[in-house]
Amino acid sequence: MKTYPLYLNGEFIASEPAWHVVDPATGEPFARISTIGCARLAQAIADAHAAFAGWRQLAAKARGEFLRRIAAEVDRRRDEIAHRISTENGKPLVQSQGEVAMAVDHLQWFAEEGRRAYGRIIPHQADGKRNLVMNTPIGVVAAISPWNFPLVLAVRKVAPALAAGCPVVLKPARQTPLSCVAFAECVHAAQLPRGVFQLVCGKSDELGAEFLSHPLCRKVTFTGSTEVGRVLIANAARTIKPLSLELGGNAPLLVFEDADLDAAVEGALLAKMRNTGQSCIAANRLLVHRPIYPRFLDAFVARVKELKIGAFSDPGVEIGPLIDEAALRRALDLVDDAVQRGARLLCGGRRLERKGFFLEPTVLADVPKDARCEGEEVFAPLAPVLAFDTESEAIQLANATQHGLSAYAFTRDIGRTFRLAENLEAGMIGINDGLPTTSNAPFGGLKQSGWGRELGAEGLDAFLETKHVSIRL
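Since this is a predicted model, take the numbers as computed values, not measurements.

Caption draft 1: Quick peek at the overall build of the chain. Helix and strand content of the chain: 15 helices and 23 strands. On C-alpha atoms alone, the chain measures out to a radius of gyration of 23 Å, which is about the 23 Å that the 2.2 N^0.38 rule sets for 473 residues. Taking all 473 residues of the chain together, 57% fall into the buried category. Pairs at least 24 apart in sequence give 72% of the contacts found in the chain among residues at least 6 apart. Roughly 18800 Å² of accessible area belongs to the chain as shown, and the carbon and sulfur atoms make up 52% of that amount. With 54 positive and 54 negative side-chain charges, the chain shows a spacing of 7 Å between the two charge centroids.

Caption draft 2: Structural view of the pattern of salt bridges. Evaluated as defined, the whole model comprises 30 salt bridges. Between Lys-91 and Glu-99 there is a salt bridge, with the nearest N and O atoms lying 2.6 Å from each other. For Glu-325, the salt bridge is made with Arg-351, and the minimal N-O distance between the two is 2.8 Å. With Glu-325 in helix H11 (residues 325-340) and Arg-351 in the loop between strand S15 (344-347) and strand S16 (362-365), the pair connects residues that are 26 residues apart, well separated along the chain. Residues joined by salt bridges that share partners form a network here, namely Glu-65, Arg-68, Glu-112 and Arg-115.

Caption draft 3: Quick look at the nonpolar core. The biggest cluster of nonpolar side chains holds 123 residues, and the ones touching the most others in it are Phe-183, Phe-197, Phe-211 and Phe-300. Top element by residues in this core is helix H5 (residues 152-164). It accounts for ten residues. Membership of the second largest hydrophobic core comes to 16 residues, among which are Leu-322, Ala-331, Ala-371 and Cys-373.

Caption draft 4: Focus on the sheet that holds S15. A sheet is described by the order of its strands in space; here seven strands give the open sequence S15-S16-S17-S14-S13-S19-S20, paired in mixed fashion. The sheet terminates laterally at S15 and strand S20 (428-431), the two strands that pair on one side only. Each strand axis lies, on average, 20 degrees off the axis of its neighbour in the sheet, ignoring direction. Sheet topology note: the S15/S16 ladder contains three bridges and is antiparallel. The partner of Cys-347 across the bridge, within S16, is Val-363. Running at roughly 20 degrees to S16, H11 makes contact with S15, S16 and strand S17 (382-388) of the sheet.

Caption draft 5: Representation of the packing of aromatic side chains. On inspection of all chains with the given rule, the structure shows seven aromatic pairs. Note on Phe-296 and Phe-300: the rings are 5.5 Å apart at their centroids and 10 degrees apart in plane angle, and the pair reads as stacked. Here the residue Phe-296 and the residue Phe-300 both occupy positions in helix H10 (residues 293-306), the gap between them amounting to four residues, near one helical turn. A relative accessible area of 0% means that Phe-300 is categorised as buried. What links up through ring pairs into an aromatic cluster is the set Tyr-7, Phe-12, Phe-183 and Phe-197. Over the ring of Trp-19 we find Arg-174; its NZ or CZ atom is 3.8 Å from the centre of that ring. The positively charged end of Lys-219 is found above the aromatic ring belonging to Phe-463, 5.4 Å away from the centroid.

Reading the values: the criteria
- Residues numbered from 1 in each chain as written.
- Predicted model: local features only at pLDDT ≥ 70, side-chain atom pairs only at ≥ 80, totals over all residues.
- Heavy atoms only, no water.
- Helix = DSSP H or I, 4+ residues; strand = E, 2+ residues; numbered from the N terminus.
- Rg over C-alpha atoms; globule rule 2.2 N^0.38 Å.
- Buried < 20%, exposed > 50% of the residue type's maximum accessible area, 1.4 Å probe, protein only.
- Contact = heavy atoms within 4.5 Å.
- Areas by Shrake-Rupley, 256 points an atom, 1.4 Å probe, with all protein chains shown as cover.
- Lys, Arg positive; Asp, Glu negative; His and termini not counted.
- Charge placed at Lys NZ, Arg CZ, Asp CG, Glu CD.
- Salt bridge = Lys/Arg side-chain N within 4 Å of Asp/Glu carboxyl O.
- Core = buried A, V, L, I, M, F, W, Y, C linked by side-chain atoms within 4.5 Å.
- Pairing = 2+ DSSP bridges.
- Axes fitted to C-alpha atoms, helices over the stretch in contact; angles between N-to-C directions.
- Phe/Tyr/Trp six-rings, centres within 6.5 Å; stacked < 30°, edge-to-face > 60°.
- Lys NZ or Arg CZ within 6 Å of the ring centre and 35° of its normal.

See below:
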């Protein structure tokens, strides 16, 4: 069984202990990943800080050229990297290929956007003075990425930080580190200066504490659960460490009676079932206008029953396994809870009788508001559906959550489109669009779904400090 190395100060280093990496489609380990402790992480942060002076002094255009070279290397190895993502994460291969393509697009976008870290000259108010605003890189960045999109959500942090002039120490999720090892190999092939990018793995609580307490680590950017986000916020308070947080979601998907029903069904299928439902922007709750509720349910259930479930290597597979046994058991508990509270199970709801962590794609109708799957992030191919009567009721139901990451609506009424855009409490809203993410637009949430934004111009701003310079002539 191969043991994969970490990437520390320009070198690939194998170390012990090494952890098993499990294939969710079989439930069996297939590789190992090296790990380090706090002392070695502290050295990595120090090495990153030593590289900071040279990296920040490079022209933004030159930093962009490095990002383009990394993007070209990722694209050259796209099939191999996609295969690695699917093996460690379980998602269908075509979705892993899409993830690699999106990662390449992020790198290419920030290769250009780094050249637009504009400052400004402020018209002066006092004679003999001039006022400038400058943006400068914040310093060493700790990037902590999740398992559900193991490559693209790492790149979403690394690319803008590098473009802004910041060295990065990346810690991927324990379940899915191998695609980030492949990314480190691409960085190495692009000949990025030593220390500018490093890859570490180890115990999350220990490494997280080192990131937050180390004085040379100037920023932590994290994607993961709201619960872990709260812990990071509490611990960051000790040193006033800046954080960017992309946390949990509980996205509503609204279907109005004037919607194109076929488009709404396909959009809901994409928003709910993509990545086996394991997406922070997945449609968590389907809210359907009562006049079309029966027709929508019939059409949606028919499409869900057509989805092919299996290992990524199976031809035509659309739904893969959940990430681990705990995730599968939790999904089954959510189904049981909803049914006990009065929901109707229209399809699925059972564990597949095979190796691995497979749940049959599931639709629940007439789900009561107090069901756990209405208030908790589902993270499974499980779609709770309920009816609403009025637009105002739909908005109230949609906003009745502590989260506010994303929301979806299907309607052909332009007035309603603007009302929803203004009143839905979500950082990203897809109108007749089940997949609204794009490199050139901000990604992030409201309420307890996080702090800050990734992607777009805002994604670069997250790694820049703003300075005011007052000059007396």
